[in-house]
Amino acid sequence: MMKAKVFIALLVVVLTLPALAHRYFFGLTEISSNLNTGAVEFVHQYTLHDVQHALSKLAGERFSLDKENAEAVLKRWVTDNFSVKNVDGKKVELTWVGFEADYQKIWVYQELPAQKNLCGWEVSNTLLFDTFSAQVNTINIVDEYGNRSLILTDENRTDIINCQKESKD
C-alpha cells in the first residue's frame, strides 16, 4: 500500500512539472567560440510551444515545424529579433546554420566567422517579448574572458558584452 502511495505521489509530481515549469517564460542564448574553427557560435534555446504560439500569432495561422516554409519563417523571426552590433556600432549579419527541436525545446544555431573578441559588442534580443510580457532572455557568453551573462527583458532589450576580467583574490 505504501509503494502505491509513493508511486501515485511521484506520478502526480512528474505530470505537473511541465505546467509548473512553464510559469517562467525563459529563453537562453549561449555565445561561444568553436575552438576548432574559431567561429563564434550562437545557440538559442526556447520552449517549442512558446515559439509556435508566437509565430502563430505573428502569421495569423497555426505555425508548425511540419509546414513547408517553417524554417524560413523561423529564420526571419530570429533574424528580426536577435542582433549584434560590433564595437563600431555596425550591425553584424549572423549566418543561419539551422535548428533542431524535440517535443519540448527548440534550438536555433547561428554563427559568425572568427572574431578577435566580442568586447564592447551590443546584443539585442526581443524574442518572445511581444508574446509574453514576463519573458526573460538570458545570454551567456563563454570566451577567454570567462563566463558571464546578460539578462534582457522587455524593459531592457539590449546590453553590452563586458570583457573585464574578474579579480579572483
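Residues numbered from 1 in each chain as written. Predicted model: local features only at pLDDT ≥ 70, side-chain atom pairs only at ≥ 80, totals over all residues. Heavy atoms only, no water.

*Asks:* Just checking my understanding: could you explain the side chain of N125 for this structure?
*Replies:* Tracing the chain through its elements places N125 in strand β7 (residues 122-125). On the basis of relative accessibility, which here comes to 0%, the residue N125 falls in the buried class. Engagement of the side chain of N125 in a polar contact is seen with the backbone nitrogen of L127, the distance being 2.9 Å. Residue contacts for N125: discarding those within four places in its chain leaves T29, Y46, N81, F82, N137, I139, L152 and R157. (Helix = DSSP H or I, 4+ residues; strand = E, 2+ residues; numbered from the N terminus. Buried < 20%, exposed > 50% of the residue type's maximum accessible area, 1.4 Å probe, protein only. Polar contact = N/O pair within 3.5 Å; in protein donor to acceptor, adjacent residues only side chain to side chain. Contact = heavy atoms within 4.5 Å.)

*Asks:* Any chance you could explain the state of the cysteines here in plain terms?
*Replies:* Every disulfide links exactly two cysteines, by a covalent bond between their sulfur atoms. Under the counting rule described, the total for this entry stands at one disulfide. For C119, the disulfide goes to C163, at an S-S distance of 2.3 Å. Every disulfide takes its handedness from the sign of the S-S torsion; for C119 and C163 that torsion is -105°, giving left-handed. Placement of the pair is C119 in the loop between β6 (105-112) and β7 and C163 in the segment after β10 (158-160), with a sequence separation of 44 residues. (Disulfide = S-S within 2.5 Å.)

*Asks:* Would you mind showing me how to read the packing of helix α2 (residues 48-59) against helix α3 (residues 70-81) here?
*Replies:* Packed helix pairs are specified by the crossing angle of their axes together with the interaxial distance, meaning the distance between the axes. Between α2 and α3, the least distance of the axes is 11 Å, while the angle of their chain directions is 90°. Classified by the angle their axes make, α2 and α3 are roughly perpendicular. Packed against α2, whose contacting residues are V51, A54, L55 and L58, the element α3 presents V73, L74 and W77 at the interface. Of the residues belonging to the contact of α2 with α3, the class tally is seven nonpolar, no polar and no charged. (Axes fitted to C-alpha atoms, helices over the stretch in contact; angles between N-to-C directions. Parallel < 35°, antiparallel > 145°, perpendicular 65-115°, else oblique. Nonpolar A, V, L, I, M, F, W, Y, C, P; charged D, E, K, R; others polar.)

*Asks:* Looking at this model, I keep getting lost on the pattern of salt bridges. Mind explaining?
*Replies:* Two side chains carrying opposite charge are able to pair once their charged atoms lie near each other. By the definition in use, this model includes four salt bridges. Note that K85 and E122 form a salt bridge whose closest N and O atoms lie 4.0 Å from each other. Taken together, the residues K85 in strand β3 (residues 82-85) and E122 in strand β7 connect sequence positions 37 residues apart. For K85, a relative accessible area of 33% gives the class partly exposed. Two residues, D154 and R157, come together in a salt bridge whose shortest N-O distance is 2.4 Å. For D154, a relative accessible area of 28% gives the class partly exposed. Accessibility expressed as a relative area gives 32% for R157, which makes it partly exposed. (Salt bridge = Lys/Arg side-chain N within 4 Å of Asp/Glu carboxyl O.)

*Asks:* How should the nonpolar core be read in this particular structure?
*Replies:* Buried together is how nonpolar side chains tend to be arranged in soluble globular proteins. Core analysis: the biggest nonpolar cluster contains 36 residues, and L74, W77 and F82 have the highest contact counts within it. Per element, the largest residue contribution to this core is five residues, and it comes from α3. Among all residues touching F82, those that are not within four sequence positions of it are T29, F42, H44, L94, Q110, V123, S124, N125, L127 and I139. (Core = buried A, V, L, I, M, F, W, Y, C linked by side-chain atoms within 4.5 Å.)

*Asks:* Please explain the sheet that holds β10 as it appears in this structure.
*Replies:* Each strand in a sheet pairs with another by means of backbone hydrogen bonds, the pair being arranged parallel or else antiparallel. With respect to topology, four strands assemble into an open sheet ordered β4-β3-β7-β10, the strand pairing being antiparallel. Edge positions in the sheet fall to β4 (91-92) and β10, since each has one partner strand and no second. Both β7 and β10 contribute to a ladder of three bridges, which runs antiparallel. Looking across to β10, one finds that V123 is bridged to D159. Packed onto the sheet, α3 meets β3, β4 and β7 and runs at close to 45° relative to β3. (Pairing = 2+ DSSP bridges.)

Any functional reading would require information beyond the geometric quantities listed.
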